[in-house]
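Letter by letter, the chains look like this.
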Amino acid sequence: MPILETKGVKAYYSTPLGYIRAVDGIDLTLEKGVILGLAGESGCGKSTLVNTLMMNVRPPLRFIEGTIILDGKEISSMDRSMLKKNVWGVLVSLVPQSALNALMPTQRITDLVKDVVMHHMNVSEQEVVSMAKKRFEELNLEVDTLYRYPHELSGGMKQRVVIAISTLLNPKLLIVDEPTSALDVSTQKQVLKMLVDLKRAKIIESMIFVTHDIAVLRQIANWITIMYAGKIVESGLADDMLNHPKHPYTFSLVNAVVTPEPEVRNRGLASLPGEPPNLLDPPKGCRFNPRCPNAMEICRAKEPHLEEKSNRLVACHLVFP
Ligand code: SF4
């Protein structure tokens with residue numbers, strides 16, 4: 001049984017001008033034990049998708065339709081209080097992109113830990129603190145850190161602390177959204193190592209790692225899913241995808257990274273001409289067609305569906321089985 005399975009999931013932002021179709025028909029299966037790298041340009045819907053996957057949907061975002069099954073339970077029909085009690089923190093935890101800024105400057109780390117854990121479990125303050133100490137030791141974090149204020153910690157340390165706290169209840173699935181984007185290369189490595197350690201130590205079972213940086217995925221993911229304009233365009237085994245991308249968008253993404261020119265590497269997809277489409281009124285047919293160097297007549301008329309083609313899921317008229 002997969003840890004996560006979705007069918008036809010749609011979540012749109014409601015605006016006075018209409019719906020922004022940020023997550024538009026997502027079918028995703030995540031097998032147990034897998035680290036899935038979710039990649040794509042900024043604004044392609046990655047963060048909206050991961051929030052939707054755990055049903056953390058608040059206005060102006062609206063869950064439109066679809067089914068989400070997490071560890072065998074259909075969570076797409078649960079209300080917020082049920083999710084808080086039985087799902088969040090226990091089955092799935094999300095470390096959001098803004099996690100570092102979300103730490104309250106006036107709260108010591110230990111108070112934050114108490115807030116998080118006592119919200120989900122009927123335990124005493126002492127029990128929470130001893131759970132946190134044990135977890136910090138397991139992850140080679142100094143236990144003293146628990147008694148510090150956020151401003152006393154470096155960016156990398158704050159990120160590791162937030163991840164440690166998010167996994168205190170041993171969630172089966174951990175979702176981390178751009179955990180390394182604000183960090184320098186050596187601190188990035190420490191955070192990636194900690195994430196791998198969490199899985200090795202069986203504290204978590206599976207992970208979704210969200211990034212716009214394909215180079216980071218080479219270091220951590222064993223499965224990769226690429227999103228473009230609210231849809232999945234390609235999904236497959238990490239090494240195979242990175243060495244032999246099939247979808248023209250994945251090809252551009254990977255190519256921007258392998259170039260030896262540091263400036264182009266840093267710009268990433270900026271080397272791809274054009275802009276991502278306006279999701280209030282996305283292009284007809286394939287959403288990538290205005291930017292695709294291989295676009296054909298059919299691409300402007302008919303939407304390609306995600307289909308299995310040579311051990312890969314691809315949504316492109318150009319790729320044959
Ligand atoms: Fe390009 Fe057509 Fe494939 Fe879309 S379906 S990626 S436009 S070739």
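Caption draft 1: Expanded view of the side chain of Lys231. Within the element layout of this structure, Lys231 appears in strand S10 (residues 231-237). Assessed through its relative accessible area of 17%, Lys231 is described here as buried. Within the local environment of Lys231, its side chain forms a polar contact with the side chain of Glu303, the two groups lying 2.9 Å apart. Not counting chain neighbours up to four residues away, the residues in contact with Lys231 comprise Asp24, Ile26, Ile226, Arg287 and Glu303.

Caption draft 2: Expanded view of the environment of Ser252. Counting through the fold element by element, Ser252 comes out in helix H10 (residues 248-258). Using a relative accessible area of 13% as the deciding quantity, one classes Ser252 as buried. Between the alpha carbons of Ser252 and Cys292 there is a distance of 9.5 Å; along the sequence they are 40 residues apart.

Caption draft 3: Examining the side chain of Asp71 more closely. In this structure, Asp71 sits in the loop between strand S4 (61-70) and strand S5 (73-74). Residue Asp71 is classed as buried on the basis of its relative accessible area of 10%. If we skip the residues at most four places from it in the chain, Asp71 touches Met1, Ile3, Lys32, Leu91 and Lys172.

Caption draft 4: Broad picture of the layout of surface pockets. Of the voids in this model, the largest pocket is the one considered here, and its volume is about 950 Å³. Looking at the largest pocket, it is lined by 25 residues, and the ones nearest its centre are Leu94, Pro96, Val116, His120 and Ser166. Elements with a minimum of two residues in the lining of the largest pocket: helix H2 (80-86), strand S6 (92-95), helix H3 (99-102), helix H4 (109-120) and helix H6 (155-166). Broken down by element, the residue count for the lining of the largest pocket peaks at 5 residues, all from H4.

Caption draft 5: Inspection of the sheet that holds S4 at higher detail. The antiparallel open sheet is built from 4 strands, whose spatial order is S2-S1-S4-S5. The open sheet terminates on both sides in strands that have one partner only, identified here as strand S2 (18-30) and S5. Sheet analysis places S4 next to S5, joined by 2 bridges and oriented antiparallel. Bridge pairing in S5 links Leu70 to Lys73. Strand contacts of helix H1 (residues 46-53): strand S1 (4-15), S2 and S4, with the helix running at about 65° to S2, the strand carrying the most contacts.

Caption draft 6: Highlighting unusual backbone geometry. Put simply, Pro59 and Pro60 share a cis peptide bond, and its omega is 10°. Here Pro60 is to be found in the loop between H1 and S4. Positive phi, normally seen in glycine, also occurs at Met55, with a value near 60°. Assignment of secondary structure puts Met55 in the loop between H1 and S4.

Caption draft 7: Representation of H1 within the structure. A large share of H1 lies buried, amounting to 7 of its 8 residues. Positioned one or two residues after H1, Met55 has a phi angle of 60°, which is positive.

Parameters at a glance
Residues numbered from 1 in each chain as written. Predicted model: local features only at pLDDT ≥ 70, side-chain atom pairs only at ≥ 80, totals over all residues. Heavy atoms only, no water. Helix = DSSP H or I, 4+ residues; strand = E, 2+ residues; numbered from the N terminus. Buried < 20%, exposed > 50% of the residue type's maximum accessible area, 1.4 Å probe, protein only. Polar contact = N/O pair within 3.5 Å; in protein donor to acceptor, adjacent residues only side chain to side chain. Contact = heavy atoms within 4.5 Å. 1 Å grid on protein atoms, 1.4 Å probe; cavity = no way out; pocket = protein on both sides within 12 Å on 5 of 7 lines; lining within 4 Å. Points joined across faces, edges and corners; volume = space filled by probe spheres on them. Pairing = 2+ DSSP bridges. Axes fitted to C-alpha atoms, helices over the stretch in contact; angles between N-to-C directions.

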